[in-house]
Amino acid sequence: MAGDHNIVRPWCPFCGVDVGKPSHGPERKMMEFPVGRCQCGAVYSCDATGHNVGAAMVETLVFACGDNSDLAWELMPEDDYLTGRIENYDEVTHEVVATKNVDGRAVRGVLYFVRLHTEIQEIAQRVKDKKDAALQDEVSVLKEENPVPLEPVPDAAAPEKANKRTVKKYVAKEDIDSLVRLCLNDKKTLRLMQRLLYDPSEEGRWRTAWIIGSVCKRVASRDPGAVSELLQRLFEACSDSAATPWGMVETIGFVVAGRPDIFGAFTRYLLNYVADDSTRNQAIWALAEIAQVRPDLVRNTPFYSLFHFLKHPDKQVRGQMARLLGNIQAGEATMQLMERGGDNDIFYYYADGAKHEMSVADAAREAIAKIQGGKGE
């Protein structure tokens, strides 16, 4: 194989130096392509199928801009950056195969390269540094404005034990105080609450999800590990193709939005459920709920891959999408939001334990107002 002139190591189209195998970063995002960097300053990504080059191009440019999508959308090809691509790349062997075939296996991969001009690279780095500093300040302010007090230590003298009847009674009464106390006394409380999500009533599932989120927000101040275990169980249940994830994506949204400072890293995994008809509405709602308190958590995912849902046949999806784009102040979607100005279909969403209704057009107008307000600040 070494002497086969049809097989060579991949190279950078800008400097000609061999490049390393692209890989996922330490903070991997859902739907992200493996990426790499060349010593000349170029960055690149791998589309192993060759069918998603458009998405790979966008993600590579955003990666080159230090994950700053706002800056990426402002740049112009040639004027601000150069692009290149290497065809017939085999991700398995990290080789370029001219014959497009390795031992009977088709090779269709593409390496897509972006190199920012020097002055743009410097701007991107300054913006990233400034953004990181501003984010730290914002998180500190949020903690000061919305402090979550540390829950008191449960009474060890007479600890209350959890059972199905007790948990169901407290949930029916929306007795958050008693549920928090019960959770801290008996770790199986959250598991028993999770079982109540199996409710044939959609209203009931949303209500239970909100109660679990409210309880977890307080429990996390004393026992974040128990809440993290709940989230992992919920994600595992959502990924089970043989089961219906009733209320689980909704619960994830309420829990993460309640304590994004602790569980914000779970945000990216919600994108897994946008592609499925049974969880799309709930997943976009959850992203919108999280974005209302921490828009950066959504912006740090490839959220632009969701823009087309503004034209989805389901009014629920269109409405939730408009709310999400407004909450992250997605200026790059302003034109698409304007197109929904005559969309008077009514959709519903849940917030603060209550069901709310509004038209898609009103949601789009509110989103545009948030975007324009953000630019004016």
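Residues numbered from 1 in each chain as written. Predicted model: local features only at pLDDT ≥ 70, side-chain atom pairs only at ≥ 80, totals over all residues. Heavy atoms only, no water.

Examining the overall build of the chain
Part 1: For the chain, the count of helices and strands is 15 helices and 10 strands.
Part 2: Relative to its 377 residues, the chain shows a buried fraction of 50%.
Part 3: Partitioning the intrachain contacts of the chain with sequence separation of at least 6 by distance along the chain shows that 66% fall at a separation of at least 24.
Part 4: Accessible area for the chain stands at about 18,800 Å²; split by element, carbon and sulfur atoms hold 50% of it. (Helix = DSSP H or I, 4+ residues; strand = E, 2+ residues; numbered from the N terminus. Buried < 20%, exposed > 50% of the residue type's maximum accessible area, 1.4 Å probe, protein only. Contact = heavy atoms within 4.5 Å. Areas by Shrake-Rupley, 256 points an atom, 1.4 Å probe, with all protein chains shown as cover.)

Focus on the sheet that holds strand β3 (residues 43-47)
Part 1: Sheet architecture is open: 6 strands sit in the order β1-β5-β4-β8-β3-β2, paired in antiparallel fashion. Among the strands making up the open sheet, the edge pair consists of β1 (7-8) and β2 (35-37).
Part 2: In the sheet, β3 pairs with strand β8 (residues 109-116) via 5 bridges, with the strands oriented antiparallel. Looking across to β8, one finds that Val43 is bridged to Val114.
Part 3: Relative to β8, helix α1 (residues 53-64) is tilted by about 35 degrees, and along the sheet it contacts β2, β3, β4 (81-90) and β8. (Pairing = 2+ DSSP bridges. Axes fitted to C-alpha atoms, helices over the stretch in contact; angles between N-to-C directions.)

Section: the environment of Asp186
Part 1: If you trace the backbone, Asp186 turns up in the loop between α5 (176-185) and α6 (189-195).
Part 2: Taking relative accessible area as the criterion, Asp186 reaches 9% and is therefore assigned buried.
Part 3: The spacing of Asp186 and Ala162 is 24 residues in sequence and 6.1 Å in space, taken between C-alpha atoms.
Part 4: Excluding anything up to four places from it in sequence, Asp186 contacts Glu160, Lys161 and Ala162.

Let's talk about the packing of aromatic side chains
Part 1: What the rule picks out here adds up to 14 aromatic pairs.
Part 2: The interplanar angle of 75 degrees and the centroid separation of 6.1 Å between the aromatic rings of Phe235 and Tyr269 together place this pair among those described as edge-to-face. Note that Phe235 is positioned in helix α8 (residues 224-238) and Tyr269 in the loop between α10 (260-263) and α11 (280-293), a separation of 34 residues in sequence.
Part 3: Assessed through its relative accessible area of 10%, Phe235 is described here as buried.
Part 4: Tyr269 sits in the partly exposed class, given a relative accessible area of 31%.
Part 5: Feature note: the residues Trp206, Phe254, Trp285, Tyr348 and Tyr350 constitute an aromatic cluster, connected by ring pairs.
Part 6: Positioned over the ring face of Tyr269 is Arg268, at 5.9 Å from the centre of the ring.
Part 7: In this structure, Lys355 packs its charged tip against the face of Tyr348, placed 4.5 Å from the ring centre. (Phe/Tyr/Trp six-rings, centres within 6.5 Å; stacked < 30°, edge-to-face > 60°. Lys NZ or Arg CZ within 6 Å of the ring centre and 35° of its normal.)

Examining the pairing of strand β9 (residues 346-351)
Part 1: Of all 6 residues that make up β9, 5 are buried, and the element is covered over most of its length.
Part 2: Two successive antiparallel strands, β9 and strand β10 (residues 354-359), enclose a turn made up of 2 residues, where Asp352 displays a positive phi of approximately 55 degrees.

Digging into the packing of α5 against helix α7 (residues 202-219)
Part 1: Where α5 meets α7, the closest approach of the two axes is 9 Å, and the angle between their N-to-C directions is 55 degrees. Considering their axes alone, α5 and α7 lie oblique with respect to each other. The element α5 and its partner α7 pack so that their crossing is right-handed. Contacts from Ile176, Asp177, Leu179, Val180, Cys183 and Leu184 in α5 reach Ile211, Ser214, Val215, Arg218 and Val219 in α7.
Part 2: In terms of residue class, the contact of α5 with α7 is built from 8 nonpolar, 1 polar and 2 charged. (Parallel < 35°, antiparallel > 145°, perpendicular 65-115°, else oblique. Left-handed = near helix turned anticlockwise from the far one by under 90°. Nonpolar A, V, L, I, M, F, W, Y, C, P; charged D, E, K, R; others polar.)

Digging into the side chain of Ser178
Part 1: Here Ser178 lies in helix α5.
Part 2: In terms of polar contacts, Ser178 uses its side chain to reach the side chain of Arg181, at 3.2 Å. (Polar contact = N/O pair within 3.5 Å; in protein donor to acceptor, adjacent residues only side chain to side chain.)

Some points on the pattern of salt bridges
Part 1: Throughout the structure, instances matching the rule amount to 17 salt bridges.
Part 2: A salt bridge links Arg207 to Glu174; its shortest N-O distance comes to 3.1 Å. In this pair, Arg207 is assigned in helix α7 and Glu174 in the loop between α4 (164-173) and α5, connecting sequence segments 33 residues apart.
Part 3: Residue Glu174 is classed as partly exposed on the basis of its relative accessible area of 36%.
Part 4: Across the salt bridge formed by Asp177 and Arg218, the nearest N and O atoms sit 2.6 Å from each other. Here Asp177, found in helix α5, pairs with Arg218, found in helix α7; they are 41 residues apart in sequence, far enough to count as distant.
Part 5: You can call Asp177 partly exposed: its relative accessible area is 47%.
Part 6: Judged by its relative accessible area of 25%, Arg218 falls in the partly exposed class.
Part 7: If you follow the salt bridges from partner to partner, you end up with Arg318, Arg340, Asp343 and Asp345 in one network. (Salt bridge = Lys/Arg side-chain N within 4 Å of Asp/Glu carboxyl O.)

Comments concerning unusual backbone geometry
Leaving glycine out, the prevailing phi sign among residues is negative, and the prevailing peptide bond configuration is trans.
Part 1: A positive phi angle, close to 75 degrees, is found at Glu78, a residue other than glycine.
Part 2: Positive phi, normally seen in glycine, also occurs at Glu174, with a value near 55 degrees.

Some points on the packing of α8 against helix α9 (residues 248-258)
Part 1: Viewed as axis vectors pointing N to C, α8 and α9 meet at an angle of 150 degrees, and their least axial separation amounts to 9 Å. Of the possible angle classes, the one that applies to α8 and α9 is roughly antiparallel. The way α8 lies across α9 gives a crossing that is left-handed. Facing α8, whose interface residues are Val227, Leu231, Leu234, Phe235, Ala237 and Cys238, α9 presents Met248, Val249, Thr251, Ile252, Val255 and Val256.

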